[in-house]
Amino acid sequence: MAKNLSGDLTVVSANRLSDGVVVFLDDSGHWTRKLELAALARDKRAGEVLLERGKAEAFSVIDPFLVAVSEDDDGTIEPLSLREKIRVAGLTFQVIASEAVRYA
Amino acid sequence: MPDTHFYRYDDYDRTLLSERVEQFRDQVRRRLAGELTEEQFKPLRLTNGLYLQLHAYMLRIAIPYGTLSSRQLRKLAEIARKYDRGYGHFTTRQNLQLNWIKLEDAPDAIAALAEVDMHAIQTSGNVIRNTTADHFAGAAADEIEDPRVWCEIIRQWSTLHPEFSFLPRKFKIAITGSPNDRAAVRVHDVGLRLWRNPEGQVGFEVIVGGGLGRTPIIGKTIREFLPKDELLAYLEAVLRVYNRYGRRDNIYKARIKILVHEIGVEKMREEVEAEFVQNKDTSLRLDPQTIEAISSQFAPPALSHRSAVVGAVEALKLENRDFALWLKSNTAPHRMAGYRIVTASLKPAGAPPGDASSAQMEGVADIADAYSQGEVRVSHEQNLVLPHVAVEDLPAVYAALERLGFAEANVGKITDIIACPGLDYCALANARSIPVAQSISNHFASLAKQHDIGDLKIKISGCINACGHHHVGHIGILGVDKNGVELYQISLGGDVDFGKTSLGDIIGPAVGADRVVEAVDALVATYLERRDEGERFVDTYRRLGVEPFKERVYATV
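All values derive from a computational prediction rather than experimental measurement.

Below, the discussion takes up the overall build of chain A. Counting secondary structure elements, chain A contains 2 helices and 5 strands. Ordered by position in the sequence, the α and β elements of chain A form the string β-β-β-α-β-β-α. Projecting the C-alpha coordinates of chain A onto the three principal axes gives extents of approximately 55 × 35 × 20 Å. Across the 104 residues in chain A, those meeting the buried criterion constitute 29%. Pairs at least 24 apart in sequence give 57% of the contacts found in chain A among residues at least 6 apart.

In structure tokens:
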């Protein structure tokens, strides 16, 4: 069951400078594409500290910010908002492939 | 490849572009090396059309007045394949957006654009944006004059115009050269309508202060008739008044529509005319040689005489019902007998509206070379147009478009939906647009049903910025976020066609994402039951008002 739906649980996210890809700050201060490796702040103050760290490590990313997440009993983290879910999971529809013509 | 019949860049244009590419290359290099902060770099990338969206950078490429040569379209396909994910999204401003560009590749992508005289300059920022035009320009049977001549004159005047590089907010101009407005001129910052006055002279009606977004307003006419050679002097006067008095303290009140609304159209006219008096006898007055030099580049192609009635076409109409429907909805009268304007629908059932793969773009370019003088247009309704197709070639064009998936006979019908990229891509959006459009499109996929319903325009925006033009949809759908849940507000009765511009009325509380199709179905059912002979959906709505539609929707959802 998801817990901490109040938004106290947060991770720090940003877009990578070179290509805009969504990244998260991990425990060692590196940026990772994997949400499951993101450093988790468990209260508001910890979130502020984590965001400060993200900003200090922002050479290769753009505009770090806090993302409210939930955590399941098995430790799985998921963003609360649809916008952040889409940032993590990608498009919610199938795009057409480069060489595709629809009825070929 | 046929010669183009629109403006060709000269050395001045090409030098400007190549210098711009090198400037941007150096700016990107400095940003990646940490020599520029994001705060310093952001305005530089934006002025070159490079946005940051949810998952990636997006490059918005200007397609001046929606006109492309087949060579340019092939280059767009190549750039999409090489630097992006092999597809692009044609927008309501006749531009192309590539959604997955890497910053490090952006200078090369822009250099590739410059090879075919294209760029992404002024597709963002508080500047004069790409001037849009009737997508049937230069071909339409009802056209008084080709509006693209004036779009090009505006392009040359407005590109990197030093006085208008820091406007209070973005500024969009649209021009139509036909009485049947296909360029939505009354919902632009400035709309220009070419018309012939009783003395037989052609000039512009100047409409100011229209716009959609958070505060939708229909533009007001401030000059009934402006002689053509005074166009730039008058536009400069409008821009100067806006630049002086437009609000800069509140982004939501910074567009010219708010200024016109606040001071009133009379005062606006007075200010503009006073400024115009200072301008009109300066170098801003267009001399006949300049107009002629630009006009000559838009000289219509020399189309050979072709038969207007072709036996093979008539036979295929009887044999193939889809072809007959396609002729009806996807082709339009050409100014020359024996030719039609063909719209390639980028809205096959269930597809993201306006998206085309690189292979599809190349396919359309091939068809244009073979059958349409090498020319393609992008419509603000997110379709592609082949402007000069001989009637006898229609079966071949239909077959070729069918192979690409672009022969759906749905132009102007319920599945010819305008939709913004929405929350799947856009950093500003509150809700998704494309999946909603796909659901509606799949639900109403039957062509027979669509043609029975008739002309019905659905327009979907994922936020109040209204890139999907929902305010002027016969059925408008606006995505909102309520406590983290996507809801969709429905409005009825919006329109931009045939000079009957109107804004839609919201029918009631927003509905859940899983109820939008049912709501649209209820609206359509009400229309089908209550329509009079020959009435479009929007006509029935205007006659009956909101109540019967509203009642049915909320009884259903």
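Once the structure has been displayed, the description carries forward.
With that out of the way, let us pick up the overall build of chain B. Looking only at helices and strands, one finds 18 helices and 21 strands in chain B. Its C-alpha atoms give chain B a radius of gyration of 23 Å, within 12% of the compact-globule value 24 Å for 557 residues. Projected onto its principal axes, the C-alpha coordinates of chain B cover approximately 60 × 60 × 60 Å. Residues counted as buried form 56% of the 557 residues belonging to chain B. Sequence-distant contacts in chain B: of pairs separated by 6 or more residues, those separated by 24 or more amount to 68%.

Further remarks concern the interface of chain A and chain B. It is common to report an interface's size as the accessible area lost on association of the parts. Taken together, the contact pairs 30 residues of chain A with 35 residues of chain B. The set of elements that each furnish at least two residues to the side of chain A that touches chain B consists of β4 (61-71) and α2 (82-89) of chain A. Top element by residues in the side of chain A that touches chain B is α2(A). It accounts for 4 residues.

Residue and element names in this part refer to chain A. As summarised here, the arrangement of the 5 strands in space is β3-β2-β1-β4-β5, forming an open sheet in which the pairing is antiparallel. At either end of the open sheet lies a strand with only one pairing partner, and these are β3 (31-32) and β5 (77-79). Pairing of strand β2 (residues 22-25) with β3 involves 2 bridges; the strand directions are antiparallel. Bridge pairing in β3 links L25 to W31.

Turning next to the packing of helix α3 (residues 70-83) of chain B against helix α12 (residues 358-371) of chain B. Residues and elements named next belong to chain B. Packing of α3 against α12 brings their axes to within 8 Å, and their N-to-C directions diverge by 170°. In this view, α3 runs roughly antiparallel relative to α12, as classed from their interaxial angle. Here S70, L73, R74, L76, A77, A80 and R81 of α3 come into contact with α12, specifically with S358, M361, E362, V364, A365, A368 and D369. Each residue belonging to the contact of α3 with α12 can be placed in one class, and the counts come to 8 nonpolar, 2 polar and 4 charged.

The subject of this paragraph is the nonpolar core. Residues and elements named next belong to chain B. Counting residues in each nonpolar core, the largest one holds 184 residues, and the members touching the most others are L59, I101, V238 and V364. It is helix α6 (residues 231-245) that contributes the most residues to this core, 10 residues altogether. Excluding its chain neighbours within four sequence positions, the residues that come into contact with V364 are L73, A344, V376, L384, L404 and F406.

Residue and element names in this part refer to chain B. Per the domain assignment, the segments making up chain B are domain 1 (11-115), domain 2 (147-297), domain 3 (311-404) and domain 4 (419-556). Placing a centre on the C-alpha atoms of domain 2 and another on those of domain 4 gives a separation of 31 Å. The interface is formed by 10 residues belonging to domain 2 together with 12 residues belonging to domain 4. Each residue belonging to the side of domain 2 that touches domain 4 can be placed in one class, and the counts come to 5 nonpolar, 2 polar and 3 charged.

Attention now goes to helix α7 (residues 256-263) of chain B. Residue and element names in this part refer to chain B. Turning to α7, its buried residues number three or more, namely I256, K257, I258, L259 and V260. On its buried side, α7 packs onto β9 (202-208), β10 (220-227), α6 and α8 (265-279). At the exit of α7 stands G264, carrying a positive phi of roughly 90°.

Attention now goes to the packing of α3(B) against helix α4 (residues 106-115) of chain B. Each pair of packed helices can be described by the angle between their axes along with the distance between the axes. All names here are of chain B. Running from N to C, α3 and α4 point in directions that differ by 165°, and their axes come no closer than 10 Å. Here α4 runs roughly antiparallel to α3, going by the angle between their axes. Of the two possible hands of crossing, α3 and α4 adopt the one that is right-handed. Listed contacts from α4 to K75, I79 and Y83 of α3 are D108, A109, A112, L113 and E115. The residue inventory of the contact of α3 with α4, partitioned by class, reads 5 nonpolar, no polar and 3 charged.

How each quantity is defined
- Residues numbered from 1 in each chain as written.
- Chains lettered and ligands numbered in written order.
- Predicted model: local features only at pLDDT ≥ 70, side-chain atom pairs only at ≥ 80, totals over all residues.
- Helix = DSSP H or I, 4+ residues; strand = E, 2+ residues; numbered from the N terminus.
- Buried ≥ 20, exposed ≤ 12 C-beta atoms within 10 Å, placed from the backbone.
- Contact = placed C-beta atoms within 7 Å.
- Rg over C-alpha atoms; globule rule 2.2 N^0.38 Å.
- Pairing = 2+ DSSP bridges.
- Axes fitted to C-alpha atoms, helices over the stretch in contact; angles between N-to-C directions.
- Parallel < 35°, antiparallel > 145°, perpendicular 65-115°, else oblique.
- Nonpolar A, V, L, I, M, F, W, Y, C, P; charged D, E, K, R; others polar.
- Core = buried A, V, L, I, M, F, W, Y, C linked by C-beta atoms within 7 Å.
- Domains from an automatic or database assignment.
- Left-handed = near helix turned anticlockwise from the far one by under 90°.

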